[in-house]
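Geometric and topological summary
Next come the chains, spelled out residue by residue.
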Amino acid sequence: MTSIEFGTPSTLPPTNGYSHVASIAPGSRIVWTSGQVPIAADGTVAAAGDWEAQTRQVMLNVGAALEAGGATWGDVFKLTIFVVDTSALATVRAVRDEFIDLERPPTSSLVQVAGLFRPDILIEIEAVAAVPAT
C-alpha cells in the first residue's frame, strides 16, 4: 500500500463512511478503473432489483479491475458511485463497507442518474487507486 493521507477537516461537515480529502505521496502510480456494473465475467447479471447482489457484484468487479492494475482495495483513494435512485443507499453503503478500509475510507461521490446502459442495472462504480511506482 502506498502513502495516502486521508482527512476530514473540522471546517467541513461530518462524513458517513468517506473522507473529504486524499493526498497521494510523490512517486506513486495511479490506477483508474472503468465503471464496473453487476455483470460477472461469465456474463451473468446479478438479480434485477436486488441492490445487495448488484452492489456486491460491482464491488467484486472493481476489485478484479484493481488487481489487474496492480492495486488492492487498500490502495483506493476515490470512489464514484452511480445509482438509479437513492432508496437503497444504506444497503449500498453496507456492502461497500465490506470492501473498503473503514479506518481510512476513500473520498467518494454518489451520483443519482436517470438510468444506466441497461434498465436492469441499478449501480455502477469506478475507483481510483495509488500504488508505489516501480
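Residues numbered from 1 in each chain as written. Predicted model: local features only at pLDDT ≥ 70, side-chain atom pairs only at ≥ 80, totals over all residues. Heavy atoms only, no water.

By the naming in an unreviewed UniProt entry, the protein chain is RidA family protein, taken from Streptosporangium algeriense. Annotation of the protein chain in UniProt includes, under Sequence similarities (unreviewed entry), the sentence "Belongs to the RutC family." (UniProt positions renumbered as here; feature names shortened; annotations may be inferred.)

**Notes on the environment of I39**
With respect to the helices and strands, the residue I39 is situated in the loop between β3 (28-32) and α1 (51-68). Other than its neighbours up to four places away in sequence, I39 contacts T44, V45, Q57, N61, F117, R118 and I121. (Helix = DSSP H or I, 4+ residues; strand = E, 2+ residues; numbered from the N terminus. Contact = heavy atoms within 4.5 Å.)

**A few points about the packing of α1 against helix α2 (residues 89-96)**
Across the interface, α1 lies against α2 with an axial gap of 9 Å and an inter-helix angle of 35°. Considering only the axes of α1 and α2, their crossing is right-handed. Here W51, E52, T55, R56 and M59 of α1 come into contact with α2, specifically with T91, V92, V95 and R96. Among the residues making up the contact of α1 with α2, the classes are represented as four nonpolar, two polar and three charged. (Axes fitted to C-alpha atoms, helices over the stretch in contact; angles between N-to-C directions. Left-handed = near helix turned anticlockwise from the far one by under 90°. Nonpolar A, V, L, I, M, F, W, Y, C, P; charged D, E, K, R; others polar.)

**Comments concerning α2**
What α2 keeps buried is the set V92, V95 and R96. Axial view of α2: buried residues confined to an arc of 100°, hence all on one face. (Buried < 20%, exposed > 50% of the residue type's maximum accessible area, 1.4 Å probe, protein only. Arc of directions from axis to C-beta.)

**Regarding the pattern of salt bridges**
Within this structure, the stated rule accounts for four salt bridges. With its nearest N and O atoms 2.8 Å apart, the salt bridge here joins D97 to R96. D97 gets classed as partly exposed once you look at its relative accessible area, which sits at 27%. Judged by relative accessible area, which is 6%, R96 ranks as buried. A salt bridge links D120 to R118; its shortest N-O distance comes to 2.8 Å. Taken together, the shared-partner salt bridges connect E52, R56 and E98 into one network. (Salt bridge = Lys/Arg side-chain N within 4 Å of Asp/Glu carboxyl O.)

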